[in-house]
Amino acid sequence: SSDVCSSDLALWSLNLLGELCTANGTRWLQHSDPHIRRWVIRLAGDHHLNIPELAQIAGNESDIQVRTQIASTAKRMDPELGLSMIRGLLSHEADLTDPHQPLLIWWAIESHCDRWAEMQAFLEQDAVWKSKILIICGPGTEKINFKRIY
């Protein structure tokens, strides 16, 4: 529709002008079109915009393409926000059958392993250990079963 096209052009204009900031990004994350939300999340990662609402959005997002972008962006955020985003994504058990999402989540978690304090706080949450997504099965992969070993 023309509204989506106008929104897309406005988003890219803000980005190219260097005006995409945390406040603007937060407002754009509420857009009704998932393609706009996906691009806002991607650009937030590109610019390392620390938008705390990304963690909440991760748990509530209905569009799988937006959720895969959240997983990809979580790797690029600071560990506290990135792992909070991943925690939100773990609630989407429907993503177990997606060919990419479980591995994108694994990739994002792995990227924060060098920050032990944040990783330990993440791993101490029962919701993390109850997630079925942390048992990854897929074509060409071995079954990986996380256990509390720390």
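Residues numbered from 1 in each chain as written. Predicted model: local features only at pLDDT ≥ 70, side-chain atom pairs only at ≥ 80, totals over all residues. Heavy atoms only, no water.

Q: Quick question: what am I supposed to make of helix α3 (residues 34-46) here?
A: Along an α-helix, residues three or four positions apart point the same way, because every turn accommodates 3.6 residues. For α3, with 13 residues, the first-to-last C-alpha span of 18 Å sits near the 18 Å given by 1.5 Å per residue. Regarding α3, its N-cap is Asp-33, as a side-chain oxygen of that residue lies 2.9 Å from the backbone nitrogen of His-35 further along. A positive backbone phi angle near 50° is found at His-48, which sits one or two residues after α3. (Helix = DSSP H or I, 4+ residues; strand = E, 2+ residues; numbered from the N terminus. Expected span 1.5 Å × (residues − 1). Polar contact = N/O pair within 3.5 Å; in protein donor to acceptor, adjacent residues only side chain to side chain.)

Q: Can you help me understand the pattern of salt bridges in this one?
A: Should their charged atoms come close, side chains of opposite charge can pair. One pass over the full model with this rule turns up six salt bridges. The salt bridge involving Arg-42 is made with Asp-46; its shortest N-O contact spans 3.1 Å. In this pair, Arg-42 and Asp-46 are both assigned in helix α3, four residues apart and thus about one turn of the helix distant. One continuous salt-bridge network, built from bridges that share partners, spans Arg-42, Asp-46 and Arg-76. (Salt bridge = Lys/Arg side-chain N within 4 Å of Asp/Glu carboxyl O.)

Q: What am I meant to see in the nonpolar core here?
A: When a protein is soluble and globular, its nonpolar side chains tend to lie buried together. The biggest cluster of nonpolar side chains holds 35 residues, and the ones touching the most others in it are Ile-70, Ile-86, Leu-90, Ile-105 and Phe-122. For this core, the elements supplying multiple residues, two or more each, are α3, α4 (53-60), α5 (64-74), α6 (79-89), α7 (101-111) and α8 (116-123). If sequence neighbours within four positions are ignored, Phe-122 has contacts with Leu-83, Ile-86, Arg-87, Leu-90, Ile-109 and Val-128. (Core = buried A, V, L, I, M, F, W, Y, C linked by side-chain atoms within 4.5 Å. Buried < 20%, exposed > 50% of the residue type's maximum accessible area, 1.4 Å probe, protein only. Contact = heavy atoms within 4.5 Å.)

Q: Would you explain the packing of α6 against α7 in this entry?
A: For any two helices packed against each other, one specifies the inter-axial angle together with the distance between the axes. Here α6 crosses α7 at 155°, and the two axes come no closer than 10 Å. Comparing the axis directions of α6 and α7 gives the class roughly antiparallel. The way α6 lies across α7 gives a crossing that is left-handed. The residues of α7 that touch α6, namely those facing Leu-83, Ile-86 and Leu-89, are Gln-101, Ile-105, Ala-108 and Ile-109. Of the residues contributing to the contact of α6 with α7, the split by class is six nonpolar, one polar and no charged. (Axes fitted to C-alpha atoms, helices over the stretch in contact; angles between N-to-C directions. Parallel < 35°, antiparallel > 145°, perpendicular 65-115°, else oblique. Left-handed = near helix turned anticlockwise from the far one by under 90°. Nonpolar A, V, L, I, M, F, W, Y, C, P; charged D, E, K, R; others polar.)

Q: How do you make sense of the confidence of the model for the chain when you look at a structure like this?
A: Low pLDDT marks regions whose predicted coordinates should not be analysed in detail. Of the residues in the chain, 86% reach a pLDDT of 70 or more, and the chain-wide mean stands at 86. Mean pLDDT values for the elements of the chain range from 46 in strand β2 (residues 144-145) up to 98 in α5. Taken as a whole, residues 137-150 scores under 50 in pLDDT and shows 22 contacts with residues more than four places along the chain or in a different chain. (pLDDT = per-residue confidence, 0-100.)

Q: Explanation requested: the packing of aromatic side chains in the structure shown.
A: Aromatic rings considered in pairs are described by the distance between their centres and by the relative angle of their planes. Considering all chains together, one arrives at one aromatic pair under this definition. Relative to Trp-39, the ring of Trp-12 has its centre 5.0 Å away and its plane inclined at 65°; by these criteria the two rings are edge-to-face. A residue pair is termed long-range when its members are at least 10 positions apart, and Trp-12 in helix α1 (residues 2-16) and Trp-39 in helix α3 qualify at 27 residues. Overall, the relative accessible area of 28% leaves Trp-39 in the partly exposed class. (Phe/Tyr/Trp six-rings, centres within 6.5 Å; stacked < 30°, edge-to-face > 60°.)

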